[in-house]
Amino acid sequence: MSRFAIGVDLGGTNLRIAAVGEDGKILEVITTETEVARGRGLVLDEMCDAITKLSAKHNTNGSLCGIGIGVPGIIDMKSGMVLKSPNLPDWTDYPVQQEIERRLSTTVILENDANAAAFGEKWMGAGRDQDDLCMFTLGTGVGGGLVFDGKIWRGMTGMAGELGHTTVFADGHPCKCGSRGCVEQYASATAIKRMAIEAIERGGASELEKAAKAPTPEFSAQVIYKLAMAGDKPAQLIFQKVGQALGIALATFINALNLPMYVVGGGVSHSWDAFAPAMFEEIKFRSFVYVATSGEDPKAPRLQKTIITRALLGGDAGLLGAARLPMVMNKH
Ligand SMILES: [Zn+2]
């Protein structure tokens, strides 16, 4: 009999819950109107209602093997608790996993949302033919995930993969993690908007200023991307900074890990055309491991290529990765 699992993505503004078959097919998605910021109680109620509804409807497709939940924060895998989550302050030090298991009487696995996205891309996306990959998720912040030998690399205490806090400029912009110059401060949607406001304040960025003052559309990374693609120089410089920062971070991991694939996902990855040239330039400058494995040097030995690519699953990566967790766990 075939099996299915439920994946939950708590990462965005809204809550998304999907029933996913063992073949990776998304059977149904429920997106709740509840804003995650409205509090734990409400979100837990809606999540459990939606899970119950989905599992009742889809149990004709096979047996439910469990629930995986991607959470934006640091998870203690042993206790099933959220240790730290800037976006979900009232979820910390609360037994989320036990509470949902008690309500629904099934296996529940919590995972960091960026780890879940990397696992999703490995399963059904850009990394489906790879055993090892590293993924950067460029969203409101910058998340990271490492998959080694087909499994999420969690490290000693489950805190591994915090790639967004890689230092790329030693004296750079302060970060909420306490450090300065983290890649998150240059390659996230939040950072793109901040850099645009900085450019406006410096002067000489009239198109950005006009867009920032316009009532619609809301001034966002997407709006700034469109200006860059239309040839606006100040907007292009912002995306060069995005590419430079991401390239420095990627070069570090390419040199350290020598993996076959590095995936760039999240909303900002749709601006690939605007930041990728600067990103590749930086990687070639800083990573001799990349240069040796880029396939571009005809005199270099014919080594397996390092692939740096866009994610393929968009917002479904986290849902798919979360749903995959209980499927894999029950096999062992
Ligand atoms: Zn940081």
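Numbering of residues starts from 1 in each chain and follows the order in which that chain's sequence is written. Local features are withheld for residues below a pLDDT of 70 in this predicted model, meaning they are given only at 70 or higher, and side-chain atom pairs are given and counted only at 80 or more; totals for whole chains, interfaces and linings count all residues.

Student: Just to check I follow, could you spell out the overall build of the protein for this structure?
Tutor: Helix and strand content of the protein: eleven helices and twelve strands. Between the two quantities, the radius of gyration covers C-alpha atoms and the globule rule is 2.2 Å times the number of residues to the power 0.38. The C-alpha radius of gyration of the protein comes to 20 Å, within 12% of the 20 Å expected for a compact globule of 332 residues. Counting across all 332 residues of the protein, residues that qualify as buried make up 45%. For the protein, contacts bridging at least 24 residues in sequence account for 64% of all contacts bridging at least 6. Here a helix means four or more residues in a row that DSSP labels H or I, a strand means two or more in a row labelled E, and each is numbered from the N terminus. Burial in this document is a count-based property: other C-beta atoms within 10 Å of a residue's C-beta are tallied, and the residue is buried at 20 or more, exposed at 12 or fewer, or partly exposed in between, with C-beta positions derived from the backbone. Here contacts are defined at the residue level, using C-beta atoms placed from the backbone and a cut-off of 7 Å between them.

Student: Can you walk me through the environment of Met-329 in this structure?
Tutor: Locating Met-329 in the fold gives a position in helix α11 (residues 316-329). Classification of Met-329 by C-beta neighbours within 10 Å gives partly exposed; the count is 14. Sequence-wise, Met-329 and Arg-103 are 226 residues apart; in three dimensions their C-alpha atoms are separated by 21 Å.

Student: Got a minute to help me understand the pairing of strand β6 (residues 81-84) in this structure?
Tutor: Direction of pairing for strand β5 (residues 74-76) relative to β6: antiparallel, over a ladder of three bridges. By the bridge assignment for β6, Asp-76 is matched with Met-81. Pairing between two strands is assigned when DSSP locates at least 2 bridges connecting them. Hairpin geometry of β5 and β6 is characterised by an intervening segment of four residues between the two adjacent antiparallel strands and by a positive phi of about 70° at Gly-80.

Student: I tried to follow the sheet that holds strand β9 (residues 142-148) on my own but got confused; where do I start?
Tutor: Working definition: the strands of a sheet are paired by backbone hydrogen bonds and lie parallel or antiparallel to each other. Taken in spatial order, the five strands line up as β10-β9-β8-β11-β12 in an open sheet, and their pairing is mixed. Where the open sheet ends on each side, the last strands, each with one partner, are β10 (151-152) and β12 (307-310). With six bridges joining them, strand β8 (residues 133-138) and β9 adopt antiparallel strand pairing. When the bridges of β9 are listed, Cys-134 appears paired with Leu-146. Geometry is summarised by axes, namely lines fitted to C-alpha atoms with helices restricted to the contacting stretch, and by angles between N-to-C directions that run from 0 to 180 degrees. Seen against the sheet, helix α3 (residues 113-124) touches β8, β9, β10 and β11 (261-265) and runs at an angle of roughly 50° to β9.

Student: Is there a simple way to explain helix α5 (residues 189-202) in this structure?
Tutor: In this model α5 runs 20 Å from its N-terminal to its C-terminal C-alpha over 14 residues, within 8% of the 20 Å that 1.5 Å per residue would give. Taken residue by residue, α5 has Ala-189, Ala-191, Ile-192, Met-195, Ala-196, Ala-199 and Ile-200 as its buried positions. Tucked inside the fold, the buried residues of α5 contact α4 (184-187), α6 (206-213), α7 (221-229) and α8 (233-257). Once α5 finishes, Gly-203 follows within two positions and takes phi at roughly 95°, a positive value. Here the expected span of a helix is defined as 1.5 Å times the quantity of residues minus one.

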